[in-house]
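Spelled out from the first residue to the last, the chains are:
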Amino acid sequence: MVGCSIIGYIHGNPHKLLLPTDSQGNICGEGKFSDRPYLVYFDLLQCSVMGLKVIKTGCPTPQVCVKECPTTNYAFAETITLELNAGRRLIDQRKKMLCKYHINPLTTELDIAQLVSKEECAAYYVKTTPVVGRCIPAIFLDVADAFEKLVTDGKFTIKQADGTEITLFDLDKSSGFLGKHMYANYFQSVFVVFKDLAQSWRFMAVGTALIVLLSVIWIVLIRWIAGILVWISILGLFAAGGVGIYHSFTKYMKLKDVTVTVAFGISESFSNNWDFVISSEYTWLTFGILVILLLVILLLVVLCTCSKIQLAVALIKECSRAMGHMFSILAWPLIPFVMLIAFCVYWLASFIFISTISRPEYYKTINRTINRTINRTKDDFTYILDRIPCKENDLSEENKICEFVKYGGKEYVTYMQVFMCVMLFWIINFIIALNEVVVSGSFSSYYWAFHKPKDIPNFPVAASCWRAFRYHVGSIAFGSLIITLVQLIRVLLETVESRLKNAKNAAAKLVMKCFKWCFWCLEKVLKQLSSTAYVMIAMHGTNFCVSAKDGLKLRLTNVVSSVVVESISKFMIFICKMLPTVIMYFVSSAWFQGNIPVFKADVPVLNNYLNPVICLTITSYIIVSIFLNEYGMGVSTLLLCFLKDKEINDGSKDKPYYMTKTLQEHFS
């Protein structure tokens, strides 16, 4: 993996992905073209010659880097006519011409017709807008009739070099503007989100600090009043759900008779805009109904498992006691979290560099002027045959038209990309497994200390981490590899299903869905089995297969205790995660809407207040999870230790239990 990264860093260039490349292989916006960030096509209609094959063979028209995209319509016939009438060269008209770098239309000896016929200058261009560095036609709102002939400001008909008149329909077909326009809106939406986040970063920093403080307080409270806090969390979620239902139906009643145009003052044709989603009464009606359903499900779960909740609370309390004796375990999650972030940044950078390992490929076209006309009536097979490789610096007469087409030489890049994707899954699963082994080892040290806390090691987390790296790296790698293989199969199935999306074979689609469901279930089962194996590895030090077998046997002989109680415990922990997250959502929502009088004057001007609110809510859940995930792993570890304790001991003087008196009382 490191070798692939080094090769990528040496031979790759991410600017090839981010910036456009002209016909000579120059990257617009880089090097000597740093002041020319946009790419213009001389004759965009030539892109339609190849159809979808333009991705492979390139658009057969000269392309140059420019400082700004054209903002008006131009036709070379207008310049010729005006100069003939004036009897001299018109500088203002010549400055409008779009030519290759070595051509200066003000001083060249060639006339305009020759410049256009030799493709040294563009025969026409239209009003454009920059889209991902390319100048794309932006006249679709200016022309009512798609088949109307396009004209310049001087009312000259826009024509190609061969005299073919151009319509809006031709441009639409050639440029695929509508699709690229949607693509541009995607980037624009991302830009708006980042702009809002940049405007509100101080408030988000304060909110993040508050959620960290709230998480620490939450941990301390769970340590002393776990039972009370669980019930407070449950009641708090019901209260928050009630507020959500009231707010949703209030918004529904307000928006029921108000159109989107009245609400925002813009056309309803932009129905994909986020503002239209939140302004629709059906959005809030749906949200209110979903909250009601979730609250009903939560109520049924609480009523049906009320007796088991006490056992779950006992396990959570025991986790709190264990964490109270090894407080460093609260800081440990930050280490795997930083490892994940660092690896993902490294992997993303390496993958981008590897993806841009390529060399520019240049092609020349035989009898280009003739073929430009012929290709309108024939298929593109002739064009492909006529387009042959050439050398970039070959200045011979026969090689004058030698243009950059694409970046090639990617024979081994695909294999490297696949390898990097496999390693991405494997390393992420490895870090997650390492965290589970270290946490399980720490809780095991607590449980199997006969006289607590005297027999607990001085540095249980550090000792567990040392054992994991010293003895269990192979088992961790093997377990994470199994999960990785299943995940890769699922990714492969998703890819195949996307290819079959338009297929009419219902049987094939049904089989594919069955395979997907089976492998989804297999992944969930293997993840649970692996977690059990990691606990047994930390407890006994055996290899992965032996630990998985022992852990599975232990669970199957105690199904009720190992499944029901553990599931309820983790569900209670999830509820404890959700309450601070919901609180942060309502507080930040009120904050950024200016509903808190104290901070109303300091609220930043945003495009949409939900952008920082959603970001802060997700951040809150991640931070709370970092602190409380240890409880989930602690519950699994203590429960398996408890079951093993009952299996090898009977509570007599010769074989006393290692469990605390509290666990004996609740699980007797």
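Owing to the predicted nature of the structure, the values given are computational and were not obtained by experimental measurement. (Residues numbered from 1 in each chain as written. Predicted model: local features only at pLDDT ≥ 70, side-chain atom pairs only at ≥ 80, totals over all residues. Heavy atoms only, no water.)

Asks: Whenever I open this one, the packing of helix H1 (residues 2-11) against helix H14 (residues 334-355) confuses me. Can you help?
Replies: Relative placement of two packed helices is described by the angle separating their axes and the distance separating the axes. It is the contact of H1 with H14, at a shortest axis distance of 8 Å, that shows an interaxial angle of 55°. Accordingly, the angle class assigned to the pair H1 and H14 is oblique. H1 and H14 meet at a crossing whose hand is left-handed. Between H1 and H14, the contacting residues are Val2, Cys4, Ser5, Gly8 and Tyr9 on the first element and Tyr346, Ala349, Ser350, Phe353 and Ile354 on the second. (Axes fitted to C-alpha atoms, helices over the stretch in contact; angles between N-to-C directions. Helix = DSSP H or I, 4+ residues; strand = E, 2+ residues; numbered from the N terminus. Parallel < 35°, antiparallel > 145°, perpendicular 65-115°, else oblique. Left-handed = near helix turned anticlockwise from the far one by under 90°. Contact = heavy atoms within 4.5 Å.)

Asks: Explanation requested: helix H18 (residues 460-471) in the structure shown.
Replies: With twelve residues, H18 extends 16 Å from end C-alpha to end C-alpha; this agrees with the ideal 16 Å at 1.5 Å per step. Regarding H18, the residues found buried are Pro460, Val461, Ser464, Cys465 and Ala468. Considered in projection along H18, the buried side chains sweep an arc of 135° and stay on one side of the axis. Among the exposed residues of H18, those oriented more than 90 degrees off its buried face are Trp466 and Tyr471. (Expected span 1.5 Å × (residues − 1). Buried < 20%, exposed > 50% of the residue type's maximum accessible area, 1.4 Å probe, protein only. Arc of directions from axis to C-beta.)

Asks: Looking at this structure, I do not really get the nonpolar core. What am I missing?
Replies: Across soluble globular proteins, nonpolar side chains have a tendency to be buried as a group. Counting residues in each nonpolar core, the largest one holds 75 residues, and the members touching the most others are Ile222, Ile316, Phe443, Met572, Leu628 and Tyr631. Considering each element in turn, this core owes the most residues, 14 residues, to helix H23 (residues 610-648). Ignoring any residue separated from it by four or fewer positions in sequence, one finds Met572 in contact with Val230, Ile234, Ile309, Ala312 and Ile316. Of all hydrophobic cores here, the second largest spans 25 residues; its members include Val40, Leu98, Val116 and Ala122. (Core = buried A, V, L, I, M, F, W, Y, C linked by side-chain atoms within 4.5 Å.)

Asks: Which parts of the structure should I look at to understand the environment of Phe425?
Replies: Relative to the elements of secondary structure, Phe425 occurs in helix H17 (residues 413-447). Overall, the relative accessible area of 26% leaves Phe425 in the partly exposed class. Sequence separation between Phe425 and Gln487 is 62 residues; the distance between their C-alpha atoms is 7.8 Å. With residues near it in sequence (within four places) discarded, Phe425 still touches Thr484, Gln487, Leu488 and Val491.

Asks: Just checking my understanding: could you explain the pattern of salt bridges for this structure?
Replies: Note that side chains of opposite charge can pair when their charged atoms are close. Using the criterion set out here, one finds eight salt bridges in the structure. Ionic pairing is found between Arg94 and Glu83, a salt bridge with its closest N-O pair at 2.9 Å. Linking Arg94 in helix H5 (residues 91-94) with Glu83 in helix H4 (residues 76-86), this pair joins segments that are eleven residues apart in sequence. Like Glu83, Arg94 is buried. In this structure, Glu318 and Arg321 form a salt bridge, with 2.9 Å as the shortest nitrogen-oxygen distance. On the criterion of helical spacing, the pair formed by Glu318 and Arg321 is a turn pair, its members being three residues apart in helix H13 (residues 306-325). (Salt bridge = Lys/Arg side-chain N within 4 Å of Asp/Glu carboxyl O.)

Nothing here speaks to function; it is geometry throughout.
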